[in-house]
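Structure assessment
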Amino acid sequence: MSHGIENPDQRFENLRQELRRGSLPLAVLAALRTEHYGYTLRKTLADHGMAIDEGTLYPLLRRLEAQGLLVSQWREEDKRNKRFYRLSPNGKLILKQLLVEWKSIHTSLEDIF
Amino acid sequence: MELVDRYLQAVKFWLPREQKDDIIAELSEDLRSQIEEKEAERGRKLADAEVEPILKRCGSPMKVAGRYLPQRSLIGPALFPIYSVVIRSLIFYFLFPWLLVWIGVAIFSPDFRADHPGAALFLSLDPWWLAGTYSLLFCTLAFAMLERSQMRSQAMNQWNPSALPVAHDRNNISRGGTIFELTLSVASLALWFELGAFRSVFHLLDCITTLARRE
């Protein structure tokens, strides 16, 4: 039972990651209002305090694309092929709804605190 | 970059065939961008020892590839509690009593030991191994098939709170519960006999008779 031997720091880290994991799709969708390829998207998110590793970001991008929320395109830039992502029209709509939901959650939590 | 190529090759091995090239091209681009950025900062090529931390942070090849695959489980969290009860019942009501009887017979019956000298004593436990393996395998396969079928979602959604069993009173032994336990025990015994344990029982009875005669 690994839960029994978790120290408080580990427990906090696990809960922190769980909390951030839930917010990542929203952060990715919001950042992709501007077109990015994977590496610049990761840097943009990290610059805003939402660092995400490549092993998490790329599968998430694929899932969001499969759901029709993103569109992607391979293009050459600086003599290298890169896959550029941006929000699809459906993604824009969902992002708007999610932002409303996010603000509502934030307000509710502020009330509870 | 040889280390990066080796890493990408290892990730590629675990990926679904139709997505392999696409995923590797994208991951490769990210890793090479990271390395180039560090090389630009330091004004020189990175040594393998400096590339290693970048790859380690990315994660083990199998773990990275696993994130691209749909989440799968042989028996999901919805069915697992029922599966767990069935397996535990199988062990405690069927396999464990059989093993206890075998141990009793092996210890107390000289005739049984004479019939099964040396390694043959342990070979006489073959039906137990077979019954255990097949019954556990059959249960697991049956639950895995149930998991795959759509029956689960329908069954889980069509439930009625009024049909739940009455709250258990620890001070009261219910007649229904006793009948259920008795039925289960009889069914286990019947299956046990059917699977060839009768020889062990015969020897146990023989052993008890011998002991009684001695006294």
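Below is a summary of the structure that appears in this document. What you are looking at is a predicted structure, and each value in this text was computed from that prediction instead of being measured. (Residues numbered from 1 in each chain as written. Chains lettered and ligands numbered in written order. Predicted model: local features only at pLDDT ≥ 70, side-chain atom pairs only at ≥ 80, totals over all residues. Heavy atoms only, no water.)

**Section: the overall build of chain B**
What chain B contains, in helices and strands, is ten helices and zero strands. Reading chain B from its N terminus to its C terminus gives the helix and strand order α-α-α-α-α-α-α-α-α-α. Counting all 215 residues of chain B, 31% fall into the buried class. Pairs at least 24 residues apart make up 69% of the contacts formed inside chain B by residues separated by at least 6 positions. Counting only carbon and sulfur atoms, one obtains 64% of the accessible surface of chain B, whose full area is about 15100 Å². (Helix = DSSP H or I, 4+ residues; strand = E, 2+ residues; numbered from the N terminus. Buried < 20%, exposed > 50% of the residue type's maximum accessible area, 1.4 Å probe, protein only. Contact = heavy atoms within 4.5 Å. Areas by Shrake-Rupley, 256 points an atom, 1.4 Å probe, with all protein chains shown as cover.)

**Topic: the interface of chain A and chain B**
Counting from both sides, the interface comprises 19 residues of chain A and, opposite them, 18 residues of chain B. Buried area between chain A and chain B, both sides added, is near 1700 Å², and the carbon and sulfur share of it is 42%. Counting across the chain A and chain B interface gives nine salt bridges. The set of elements that each furnish at least two residues to the side of chain A that touches chain B consists of α3 (38-47), α4 (54-66) and β3 (80-87) of chain A. When residues in the side of chain A that touches chain B are grouped by element, the largest group, seven residues, is from α4 of chain A. (Buried area = accessible area lost by both parts, 1.4 Å probe. Salt bridge = Lys/Arg side-chain N within 4 Å of Asp/Glu carboxyl O.)

**Structural notes on helix α3 (residues 48-58) of chain B**
Residues and elements named next belong to chain B. Turning to α3, its buried residues number three or more, namely V51, I54, L55 and C58. One face of α3 carries all of its buried residues, which in axial projection span an arc of 95°. With respect to the buried face of α3, the exposed residues turned more than 90 degrees away are A49 and K56. Just past α3, the residue G59 takes up positive phi, approximately 115°. (Arc of directions from axis to C-beta.)

**Here's the deal with the sheet that holds strand β2 (residues 70-77) of chain A**
Adjacent strands of a sheet pair through backbone hydrogen bonds, lying either parallel or antiparallel. Strand order in the open sheet made by the three strands is β1-β3-β2 (chain A), with antiparallel pairing throughout. Edge positions in the sheet fall to β1 (36-37) and β2 of chain A, since each of these pairs with one other strand and no more. Where β2 of chain A meets β3 of chain A, eight bridges bridge the pair, whose relative direction is antiparallel. What sits directly across from E77 of chain A, in β3 of chain A, is R80 of chain A. The strands touched by helix α2 (residues 20-42) of chain B within the sheet are β1, β2 and β3 of chain A, with β3 of chain A carrying the most contacts at an inclination of about 105°. (Pairing = 2+ DSSP bridges. Axes fitted to C-alpha atoms, helices over the stretch in contact; angles between N-to-C directions.)

**Describing the packing of aromatic side chains**
How two aromatic rings sit relative to each other is given by the distance of their centres and the angle of their planes. Residue and element names in this part refer to chain B. One pass over the structure, following the stated rule, counts seven aromatic pairs over all chains. Relative to F143, the ring of Y83 lies with its centre 5.3 Å away and its plane at 70°, an arrangement referred to as edge-to-face. Of this pair, Y83 sits in helix α5 (residues 80-108) while F143 sits in helix α8 (residues 126-148), and the two are 60 residues apart along the sequence. Where W128 meets W129, the ring centres are 5.2 Å apart and the plane angle is 75°; that geometry is what we call edge-to-face. Connected via pairs of aromatic rings, a cluster forms that spans F80, Y83 and F143. (Phe/Tyr/Trp six-rings, centres within 6.5 Å; stacked < 30°, edge-to-face > 60°.)

**A few points about the side chain of D30 of chain B**
Among the secondary structure elements, D30 of chain B is positioned in helix α2. Polar side-chain contacts of D30 of chain B include one of 2.4 Å to the side chain of Y58 of chain A. (Polar contact = N/O pair within 3.5 Å; in protein donor to acceptor, adjacent residues only side chain to side chain.)

**Some details on helix α2 (residues 8-31) of chain A**
All names here are of chain A. Across its 24 residues, α2 extends 33 Å between first and last C-alpha, which sits within 8% of the 34 Å expected from 1.5 Å per residue. Of all bends in α2, the biggest is about 40°, found at S23, and the proline P25 comes one to four residues later. Every buried residue belonging to α2 is among S23, L24, L26, A27, V28, L29, A30 and A31, and all of these are buried. On its buried side, α2 packs onto β1, α3, α4, β2, β3 and α5 (89-112). (Expected span 1.5 Å × (residues − 1). Bend = angle between axes of the 7 residues up to and from the residue.)

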